[in-house]
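Working through the structure, step by step
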Amino acid sequence: MPARALGALALAGTLALTGCTGEDEPSGTDAGTAVVDGTDGAGGTAGADGGQQSAGPVAPPTGPSDIQPVDGERSASGDGSITVDADHAGFVLPSGSIACSVTRESAVCQVDDGPAVKPEHLAQENLPGCEAGEANAIRLVAGRGAWTCVADALVDQATVGTGGWWVEDVGGTTTDQDGKTLAVLPYGSSLTLGSVTCSSAESGVTCANDAQGEQFQVSSGGYSYN
């Protein structure tokens, strides 16, 4: 496919999004792995509660409103396993209830009516006033997953005119929601950008940065990360 001028959005500052692994349900109780019970609306589950994460420096979160257009080239290819060459990509799961935004270094996902978040699973540096009860997005950061608050809905970054541009390159699936045409990552498919891969499953979405060993899994009923 010929490269196009990039109209997609890229995360400003240190928060960059990358890919997810194809694991439907991360599990385990090793130190540094947090798992919260829950059942996804599509029937998936997250495992038993595990150990807390070790403290470490966390970059301040960047909201979607801070993302700025970046000039450059972009392309996408693949069928099922989609590879994106760009600064940013966005998608929703087929249910439309989970939206994600991905860059070469990180990923952030938002779940409609998402799971309850434990205070110790919040990012250590967060938006002012962001507490566990208001946390609405999980992201890869500083070697682990963490919850944060975002002001703008991530679904806006999955529109074909923004982060969902890749769906046209691969002849993929779209869905209309609230007057917006959104790129869909089908169940059983994955999207890779740089060292990060996000995988779609009925049990939720899993995103991981293979270069740094970060990973999270989230559904409407639970989440886990390490």
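Quick caveat: nothing in here was measured; it's all calculated off a predicted structure.

Criteria and thresholds
- Residues numbered from 1 in each chain as written.
- Predicted model: local features only at pLDDT ≥ 70, side-chain atom pairs only at ≥ 80, totals over all residues.
- Heavy atoms only, no water.
- Helix = DSSP H or I, 4+ residues; strand = E, 2+ residues; numbered from the N terminus.
- Buried < 20%, exposed > 50% of the residue type's maximum accessible area, 1.4 Å probe, protein only.
- Contact = heavy atoms within 4.5 Å.
- Areas by Shrake-Rupley, 256 points an atom, 1.4 Å probe, with all protein chains shown as cover.
- Phe/Tyr/Trp six-rings, centres within 6.5 Å; stacked < 30°, edge-to-face > 60°.
- Polar contact = N/O pair within 3.5 Å; in protein donor to acceptor, adjacent residues only side chain to side chain.
- pLDDT = per-residue confidence, 0-100.
- Core = buried A, V, L, I, M, F, W, Y, C linked by side-chain atoms within 4.5 Å.

Overview of the overall build of the protein chain
Looking only at helices and strands, one finds one helix and 20 strands in the protein chain. By residue count, 52% of the 226 residues in the protein chain fall in the buried class. When contacts within the protein chain are restricted to residue pairs at least 6 apart in sequence, those whose partners lie at least 24 apart make up 64%. Here the protein chain has roughly 9,000 Å² of accessible surface; of this, 46% comes from carbon and sulfur atoms.

Details of the packing of aromatic side chains
Working definition: an aromatic ring pair is given by the centre-to-centre distance plus the angle between the planes. Taken as a whole and assessed by the stated rule, the structure comprises two aromatic pairs. Aromatic side chains W147 and Y223 sit 5.1 Å apart centroid to centroid with 70° between the ring planes, which places their arrangement in the edge-to-face category. Here W147, found in strand 13 (residues 144–148), pairs with Y223, found in strand 20 (residues 223–225); they are 76 residues apart in sequence, far enough to count as distant. Note on W147: relative accessible area 3%, which makes it buried. Plain terms: the ring middles of Y223 and Y225 are 6.3 Å apart, the flat faces sit at 15° to each other, and that makes the pair stacked.

Digging into the side chain of T162
Looking at the element boundaries, T162 is found in the loop between strand 13 and helix 1 (166–169). Of note is the side chain of T162, whose polar atom sits 3.0 Å from the backbone oxygen of D156. A polar contact is formed between the side chain of T162 and the side chain of T159, at a distance of 2.6 Å.

Observations concerning the confidence of the model for the protein chain
A residue-level look at the protein chain finds 65% of positions with pLDDT of 70 or above and a mean pLDDT of 75. In this model residues 1–34 is a low-confidence stretch, pLDDT under 50, and it forms 138 contacts with partners more than four residues away in sequence or in other chains. When the criterion is pLDDT under 50, residues 37–71 qualifies, and its contacts beyond four places in sequence or with other chains add up to 95 contacts.

A look at the nonpolar core
For soluble globular proteins, the rule of thumb is that nonpolar side chains tend to be buried together. Of all hydrophobic cores here, the largest spans 35 residues; its most connected members are V84, F91, C109, W166, V205 and V218. Leave out the neighbours within four places in its chain, and V218 touches I98, C109, V111, P115, I138, W147, S203, G204, V205 and Y223. Residues A137, V150, L154 and V184 belong to the second largest nonpolar core, which totals 10 residues.

Some words on unusual backbone geometry
Phi at D113 is positive, roughly 50°, even though this residue is not glycine. Mapped onto the elements, D113 comes out in the loop between strand 11 (107–111) and strand 12 (137–141). What makes D113 exposed here is its relative accessible area of 76%. At D178, a position not held by glycine, the phi torsion is positive, near 55°. The residue D178 is located in the loop between strand 14 (173–177) and strand 15 (180–184) in this model.

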